[in-house]
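# Notes for the structure review
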Amino acid sequence: MQEALQQEPRIAEMFADLHPPFEAQAAAIESNRCLNCFDAPCTGACPTHIDAPRFIKKIASGNLRGAALEILDANVLGASCARVCPVEVLCEGACVMHGYNQQPIQIGRLQRFAMDRFHAQSGKLPRKSDRNHIEKIACIGAGPASLAAATELKQRGFQVTVFDKNLLPGGLNTYGVAEYKLTLADSLREIELIQELGVEFRLGVEICEASLAELEAEFDMIFIGVGLGPMHRLNIRGNDHPDVIEALQF
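Since this is a predicted model, take the numbers as computed values, not measurements. Numbering of residues starts from 1 in every chain and runs along the sequence as written. Local features in a predicted model are, by the rule used here, given only for residues with pLDDT of at least 70; side-chain atom pairs are given and counted only at 80 or more, and totals for whole chains, interfaces and linings are based on all residues. Hydrogens and water molecules were not included; the side-chain quantities draw on all heavy atoms of the structure.

Time to look at the overall build of the chain. Helical segments are the DSSP runs of H or I of at least four residues, strand segments are the runs of E of at least two, and each set is numbered from the N terminus. A count of helices and strands for the chain gives 13 helices and four strands. When the 250 residues of the chain are sorted by exposure, 40% land in the buried category. For the chain, the accessible area works out to roughly 14200 Å², and carbon and sulfur atoms hold 53% of it. For the exposure calls, accessible area comes from a 1.4 Å probe over protein chains only, and a residue counts as buried if that area is under 20% of its type's maximum, exposed if over 50%, partly exposed in between. Per-residue and other accessible areas were derived by the Shrake-Rupley procedure at a 1.4 Å probe size, with only the shown protein chains allowed to occlude residues.

In structure tokens form, the structure reads like this:
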């Protein structure tokens, strides 16, 4: 898909971003609309409880790195969530602007703006503890659940290894999200942050009952984040195409 988008402008136009990114001036204007509510209903409506008013205020003041770190402190997958999260029924759906018959603050696009700048400037994930623990932890599955757990544990000094049967990490983000919402490159870019933090990835390794016993011998703790399993087949012509089968079996 990525090669097709690069080679065919017509296809690129058809698969353009569902929510186009903000330009710097537009982001500044939008962030200054935020009322910085004390009780922040948007934060309460966010499944990961990102402090939206806080990171938006940092965007308004020009502190884009601080805004990104605020997002990452609550959600290491903040860049992908900014693209695919149904904000209209979550944070933006809870925005107090609705009560004034105004458009809600575009929190998702502001979050993407901060995270895109962070990645463009080769930002790094910070450690949350100076301690280095001897405990070794295995995370089975390289989807969002394991990625979040691995990052949080590594930031606190644990030794973490992520296993996945696929050759690429990311789970649903890598294999199951439409290109116009989240591209493969964007998904893998987030995982690079986690790798740079020191999390080890062992890919192309399928865990069965026998290998689970080996993991129990090698690791002190095991986190199981195997995801939702295969998706339902469409039962239409072309459903047996190799690319379709691979996507359905991630």
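Having put the structure on the table, let's press on.
For our purposes a nonpolar core is just a set of buried Ala, Val, Leu, Ile, Met, Phe, Trp, Tyr and Cys residues, chained together by side-chain atoms within 4.5 Å. If you look at the biggest cluster of nonpolar residues, it comprises 45 residues, and the most contacted ones within it are Phe-55, Ile-56, Ile-59, Ile-105, Ile-107 and Leu-110. Within the residue set of this core, elements represented by two or more residues are helix H5 (52-60), helix H6 (64-74), helix H8 (107-120), strand S1 (136-140), helix H9 (144-155), strand S2 (159-164) and helix H11 (184-197). Sort the elements by how many residues they give to this core and H8 lands first, with six residues. In what follows, residue pairs with any heavy atoms lying within 4.5 Å of each other are defined as contacts. With residues near it in sequence (within four places) discarded, Ile-56 still touches Ser-31, Cys-34, Ile-105, Ile-107 and Leu-110.

Turning our eyes to something else, we now look at the side chain of Thr-174. For Thr-174, the position within the fold is in helix H10 (residues 172-175). A 3.5 Å cut-off defines polar contacts: any pair of N or O atoms within that distance qualifies, except that in protein one atom must be a possible hydrogen donor and the other a possible acceptor, and neighbouring residues in sequence count only when both atoms are side-chain atoms. At 2.8 Å, the side chain of Thr-174 and the side chain of Ser-187 are in polar contact. Not counting the four nearest positions on each side in its chain, Thr-174 is found in contact with Leu-168, Pro-169, Leu-184, Ser-187, Leu-188 and Ile-191.

So, about the pattern of salt bridges. Salt bridge, as applied in this entry: a Lys or Arg side-chain nitrogen positioned within 4 Å of an Asp or Glu carboxyl oxygen. Within the structure shown, the criterion is met by 14 salt bridges. A salt bridge links Lys-128 to Asp-73; its shortest N-O distance comes to 3.4 Å. Note that Lys-128 is positioned in the loop between H8 and S1 and Asp-73 in helix H6, a separation of 55 residues in sequence. When the shortest N-O distance is used, the salt bridge between Glu-152 and Lys-128 registers 3.0 Å. Of this pair, Glu-152 sits in helix H9 while Lys-128 sits in the loop between H8 and S1, and the two are 24 residues apart along the sequence.

The next thing to look at is the environment of Lys-128. Accessibility expressed as a relative area gives 29% for Lys-128, which makes it partly exposed. Sequence separation of Lys-128 and Gly-157 is 29 residues, and the distance between their C-alpha atoms is 8.1 Å. With residues near it in sequence (within four places) discarded, Lys-128 still touches Asp-73, Glu-152, Gln-155 and Arg-156.

The next point concerns the packing of aromatic side chains. Whether two aromatic rings pair depends on their centres lying within 6.5 Å, for rings of Phe, Tyr and Trp, where Trp uses its six-membered ring; planes under 30 degrees apart make the pair stacked, over 60 edge-to-face, and the rest tilted. Here the structure, examined in full by the defined rule, presents one aromatic pair. With a centroid separation of 5.9 Å and 90° between ring planes, the pair formed by Phe-163 and Phe-219 is classed as edge-to-face. In this pair, Phe-163 is assigned in strand S2 and Phe-219 in the loop between helix H12 (209-218) and strand S4 (221-224), connecting sequence segments 56 residues apart. Of the two residues, Phe-163 and Phe-219, neither departs from the other in class, the shared state being buried. Positioned over the ring face of Phe-219 is Lys-136, at 5.4 Å from the centre of the ring. By the criterion adopted, a ring carries a charge over it if an Arg CZ or a Lys NZ lies within 6 Å of its centre and within 35 degrees of its normal.

For the rest of this paragraph, the subject is the packing of H6 against H8. Orientation of H6 relative to H8, taken along the N-to-C sense of each, is 110°, at an axis distance of 8 Å. Taken together, the axes of H6 and H8 lie roughly perpendicular to each other. Residue-level contacts link Leu-64, Arg-65, Ala-67, Ala-68, Leu-69, Ile-71 and Leu-72 of H6 to Gln-111, Phe-113, Ala-114, Met-115, Arg-117 and Phe-118 of H8. Axis geometry follows a simple rule: fit a line to the C-alpha atoms, using only the stretch in contact for helices, then measure angles between N-to-C directions, giving values from 0 to 180 degrees. Throughout this description, any angle smaller than 35 degrees is read as roughly parallel, any larger than 145 degrees as roughly antiparallel, any in the 65 to 115 degree range as roughly perpendicular, and the remainder as oblique.

When we look at burial in helix H3 (residues 24-31), the residues that qualify are Ala-27, Glu-30 and Ser-31. Buried residues along H3 cover an arc of 95° about the axis, so they all sit on one side. Turned more than 90 degrees away from the buried face of H3, the exposed residues are Gln-25 and Ile-29. Close packing links the buried residues of H3 with H5 and H8. It is the directions from the helix axis to the C-beta atoms whose arc is reported.

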